[in-house]
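Summary of the model geometry
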Amino acid sequence: MTSTSDFLLERDAFGRLAVIFTSGERHEGVVPVRAFPIAAPDEGVSLVGTEGHELVWIDRLSALPLATRSLLEEELATREFVPEILRVKAVSTFSTPSVWTVETDRGDTEFVLKTEEDIRRLGRAGLLIAGGAGVQFGVRDMTALDRGSRKLLERFL
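In what follows, the accompanying structure is described. Quick caveat, the model's predicted, so the values are computed rather than measured.

Attention shifts here to the overall build of the protein. Within the protein one finds two helices and 11 strands. The order of helices and strands in the protein, counted from the N terminus, is β-β-β-β-β-α-β-β-β-β-β-β-α. Here the protein has a C-alpha radius of gyration of 19 Å; the compact-globule value for 157 residues is 15 Å, and the former is much larger. Taking all 157 residues of the protein together, 36% fall into the buried category. Restricting the contact set of the protein to residue pairs at least 6 apart, pairs at least 24 apart contribute 32%.

What follows is the structure, encoded as structure tokens:
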């Protein structure tokens with residue numbers, strides 16, 4: 001395992017991530033991969049080289065220097081597009097397929113729920129909903145949603 005002080009992270013001239021070790025060894029085009037993107041997003045991040053080999057293992061993002069952590073979080077955010085549903089505004093029908101109109105942390109949108117199996121529970125109150133176009137939508141805590149949203153979701157669970 002490489003210590004968080006044994007490397008630097010920067011963007012190369014093409015905007016790709018590059019890892020530079022204290023030995024001077026440089027790897028360009030590295031990709032950050034979370035081990036547990038939903039259950040523990042701050043824990044277990046691997047920096048993988050272009051040949052698919054792990055170059056660096058990071059136990060906790062919070063242990064990194066601020067500049068490195070910010071760069072990694074920015075890169076991860078572009079790779080992991082999972083809008084969080086804040087409110088379910090409408091559902092076209094209570095059978096599937098159905099069109100859902102939702103408010104997310106990225107704005108209002110619609111998606112098609114193909115089957116009820118496209119809604120997966122995550123822990124006690126979390127959900128992951130697969131939209132018809134391949135976008136995954138998250139519900140961090142179903143109990144925190146407004147009553148109308150909870151009622152609509154419960155019809156499909």
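Taking burial as the measure, the five residues of strand S2 (residues 17–21) include five buried ones, the bulk of the element. Residue alternation in S2 divides its side chains into two sets, Leu17, Val19 and Phe21 and Ala18 and Ile20, and both sets are buried. In this structure, strand S1 (residues 7–11) lies alongside S2, joined through five bridges in antiparallel fashion. Paired with Leu8 across the two strands is Ile20, which belongs to S2. The hairpin turn running from S1 into S2, its antiparallel successor, is five residues long, and Gly15 in that turn takes a positive phi close to 85°. Both S2 and strand S3 (residues 26–34) contribute to a ladder of four bridges, which runs antiparallel. Each residue of the ladder has a partner; that of Leu17, found in S3, is Val30. Between S2 and S3, which pair antiparallel one after the other, the connecting turn spans four residues, and Gly24 there sits at a positive phi close to 100°.

The rules behind each value
Residues numbered from 1 in each chain as written. Predicted model: local features only at pLDDT ≥ 70, side-chain atom pairs only at ≥ 80, totals over all residues. Heavy atoms only, no water. Helix = DSSP H or I, 4+ residues; strand = E, 2+ residues; numbered from the N terminus. Rg over C-alpha atoms; globule rule 2.2 N^0.38 Å. Buried < 20%, exposed > 50% of the residue type's maximum accessible area, 1.4 Å probe, protein only. Contact = heavy atoms within 4.5 Å. Pairing = 2+ DSSP bridges.

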